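Secondary and tertiary structure notes
For reference, the chains in residue letters:
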There are 2 protein chains.
Amino acid sequence: MPEFTDSVWTRPARPRTGQPTLSREQIVRAAIELLDAEGAAGLSMRRLGARLGSGATSLYWHVANKDDLLELAVDQVMGEIYVPEPGDTPWRVGVSVMADGMRAMLLRHTWVIGLLGVRPTIGPNVMRMGNRSVALLLAAGFTGPALSHVHSLITAHVIGAATTEAAVAAAVQRAGQSAAEIREQLEPFMEKTAGDYPDYARWRQESGVTEMDPDQVWDQSFAFGLERILDGLELWRVNNIGDTSAA
Amino acid sequence: MPEFTDSVWTRPARPRTGQPTLSREQIVRAAIELLDAEGAAGLSMRRLGARLGSGATSLYWHVANKDDLLELAVDQVMGEIYVPEPGDTPWRVGVSVMADGMRAMLLRHTWVIGLLGVRPTIGPNVMRMGNRSVALLLAAGFTGPALSHVHSLITAHVIGAATTEAAVAAAVQRAGQSAAEIREQLEPFMEKTAGDYPDYARWRQESGVTEMDPDQVWDQSFAFGLERILDGLELWRVNNIGDTSAA
DNA sequence: CAGTGGGCTCGAACACTGTGCGAGTCACTT
DNA sequence: AAGTGACTCGCACAGTGTTCGAGCCCACTG
């Protein structure tokens, strides 16, 4: 049984002296490229080796595991998220910027989503991000467990929204068809089952949601949710902290 | 390239006449048991066949793919979620019950989480759930795109919260150690890196979160977030619908 | 009652996966 | 010149999802 703290981040790095042809950074970068291009299923150690012009097993000198490699890749792309410094803007804006950035990152690297539920990441980039988030929320007046809850709430919204969006995007891409074609194909299925799900069918028709641009709907849905969350947090903040002037 | 609608749910079921020793329901049930017991990595067609006392390839008569099987399993467990009828309770309570139920399901079957981002499910149980959610939110006064946004917001919170909770739970389970032991192990790592993440380290110490029961913290965090979301929605509802009396 | 077709099971095989092991290469120190 | 250690890599092993074709057995038709 491995110790809890036995992960890429706690194991000492190998000393580097020679002029190796491969490096951990290079491997991680190539892995991310492969994952972006072909999804989680597209990454195999052999294919990654080939892409780097070296044998598959050479990678194991620089990386203990495929799991470790994935953890490194996740932390790497987490570093792409920009978390504003506290004080630059009102806290709502700061949080929104972070949330939007995180969402964009997850949609750029959809393979990350499937890994988030498998194992928590405590790499340097994630830690740095966490530290800046804490600073941001401290400046907003949140403290103690509430600060943690607020942070969880924001990230949960981003992860949850990105999850379903990515799922649909993947299905659409697999189908290789336009949104209009898919809507057309889906129609008979919807009509056939409309009797079984009357409320859903009626709402679907009346809402006019079928005639909107899907990408816009995703954006609006995410923004709507985030605004409601921030409203709810503001309300709580006023009632429990009472300082409405914090940046 | 497969059509978008080419999935388990749209393909006609095979006619069944003989007295087969295997059935699709039985296979799905066994798969879920295996997944619950050993996680996503524990399910292979050969192991599943062995568990059912039959050859691995026999399964392919009842199920086209491993992917299809997983989709069936996901829809199956989705059916475990209880969505209250509209009118039974105030809408906040109804939504809370659904959210709590969904969270509990995801934590019972953590393997589902990793599949949610891969492909959207449109199985009968998910559709039924969707229909009841629509009914619930219609009764609360939400209509049009806003209804969809509200539904997305709730499920996103559940999925996002369950994702990070499941990740930590999996790591703890892999370590096979108590929360106290893990905390002890983590301490030196935290102290060593405290200088790099000063805000985080300071908050961690002052907040006292390290001395709380982790399970309770998860529960509280989820409930806190849900309350803030419902507050935000209530606010929006009053401003945009104006009817505060809807059940 | 014989025969045939189709629902259903399954073993062999293929192409692939992650990874342990040991041999080999090279730059550098002693 | 010998050796040491960083690094690369081919082979092999156990395991994966899935295809194919052979075979079973039951319900039907002639």
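Reading the values: rules and limits
- Residues numbered from 1 in each chain as written.
- Chains lettered and ligands numbered in written order.
- Predicted model: local features only at pLDDT ≥ 70, side-chain atom pairs only at ≥ 80, totals over all residues.
- Heavy atoms only, no water.
- UniProt positions renumbered as here; feature names shortened; annotations may be inferred.
- Helix = DSSP H or I, 4+ residues; strand = E, 2+ residues; numbered from the N terminus.
- Patch = residues over 30% accessible without salt bridge, like charges linked within 9 Å, V, L, I, M, F, W, Y side chains within 5 Å.
- Areas by Shrake-Rupley, 256 points an atom, 1.4 Å probe, with all protein chains shown as cover.
- Salt bridge = Lys/Arg side-chain N within 4 Å of Asp/Glu carboxyl O.
- Domains from an automatic or database assignment.
- Contact = heavy atoms within 4.5 Å.
- Buried area = accessible area lost by both parts, 1.4 Å probe.
- Polar contact = N/O pair within 3.5 Å; in protein donor to acceptor, adjacent residues only side chain to side chain.
- Nonpolar A, V, L, I, M, F, W, Y, C, P; charged D, E, K, R; others polar.
- Phe/Tyr/Trp six-rings, centres within 6.5 Å; stacked < 30°, edge-to-face > 60°.
- Buried < 20%, exposed > 50% of the residue type's maximum accessible area, 1.4 Å probe, protein only.
- Lys NZ or Arg CZ within 6 Å of the ring centre and 35° of its normal.

**Brief notes about the UniProt feature "domain: HTH tetR-type" (unreviewed entry) in chain A**
Here the UniProt feature "domain: HTH tetR-type" (unreviewed entry) sits at residues 21-81 of chain A. As a span, residues 21-81 of chain A carries 64% helix and 0% strand, and end to end its C-alpha atoms are 30 Å apart.

**Looking at a nonpolar patch on the surface**
On the surface, A:Y82, A:V93 and A:V97 cluster together into a nonpolar patch covering about 250 Å² of accessible area. Inspection of the secondary structure assignment puts A:V97 in helix α5 (residues 91-108).

**Side note on the domain arrangement of chain A**
All names here are of chain A. Looking at the assigned domains, one finds that chain A contains domain 1 (24-77) and domain 2 (84-176 + 212-240). Computed from C-alpha coordinates alone, the two centres of domain 1 and domain 2 are separated by 27 Å. Residue-level contacts link 12 residues of domain 1 with 13 residues of domain 2. Across the domain 1/domain 2 interface, buried area totals approximately 1100 Å², and carbon plus sulfur atoms make up 62% of it. On the surface where domain 1 and domain 2 come into contact, there are 2 salt bridges. Taking the shortest distance from any N to any O, the salt bridge between D67 and R119 comes out at 3.3 Å. At the boundary of domain 1 and domain 2, one finds 6 residue pairs in polar contact (both at pLDDT 80 or more). If you list the elements that add at least two residues to the side of domain 1 that touches domain 2, you get α1 (24-38) and α4 (66-78). With 8 residues, the top contributor of residues to the side of domain 1 that touches domain 2 is α4. Tallied by class, residues from the side of domain 1 that touches domain 2 come to 7 nonpolar, 1 polar and 4 charged.

**Observations regarding the packing of aromatic side chains**
Within this structure, the stated rule accounts for 8 aromatic pairs over all chains. Between A:W91 and A:F142 the ring centres are 5.4 Å apart and the planes differ by 75°, which places this aromatic pair in the edge-to-face class. Of this pair, A:W91 sits in helix α5 while A:F142 sits in the loop between α7 (124-139) and α8 (144-175), and the two are 51 residues apart along the sequence. Neither residue differs from the other here; A:W91 and A:F142 are each classed as buried. Measuring from ring centre to ring centre gives 5.4 Å for A:F224 and B:W236, while their planes differ by 80°; the resulting arrangement is edge-to-face. Here A:F224 is found in helix α11 (residues 214-240), whereas its partner B:W236 is found in helix α11 (residues 214-240) on a different chain. One aromatic cluster is present, formed by A:W91, A:F142, A:W236 and B:F224 through successive ring pairs. Against the face of A:F224 rests A:R228, its NZ or CZ located 4.8 Å from the ring centre.

**Comments concerning the pattern of salt bridges**
All names here are of chain A. Tallying each qualifying case throughout the model produces 26 salt bridges over all chains. Close ionic contact of R132 with E85 constitutes a salt bridge, the shortest N to O distance being 3.1 Å. Taken together, the residues span a long stretch of sequence, with R132 in helix α7 and E85 in the loop between α4 and α5 at a distance of 47 residues. Overall, the relative accessible area of 41% leaves E85 in the partly exposed class. Members of the salt-bridge network, linked through shared partners, are R92, E227, R228 and D231.

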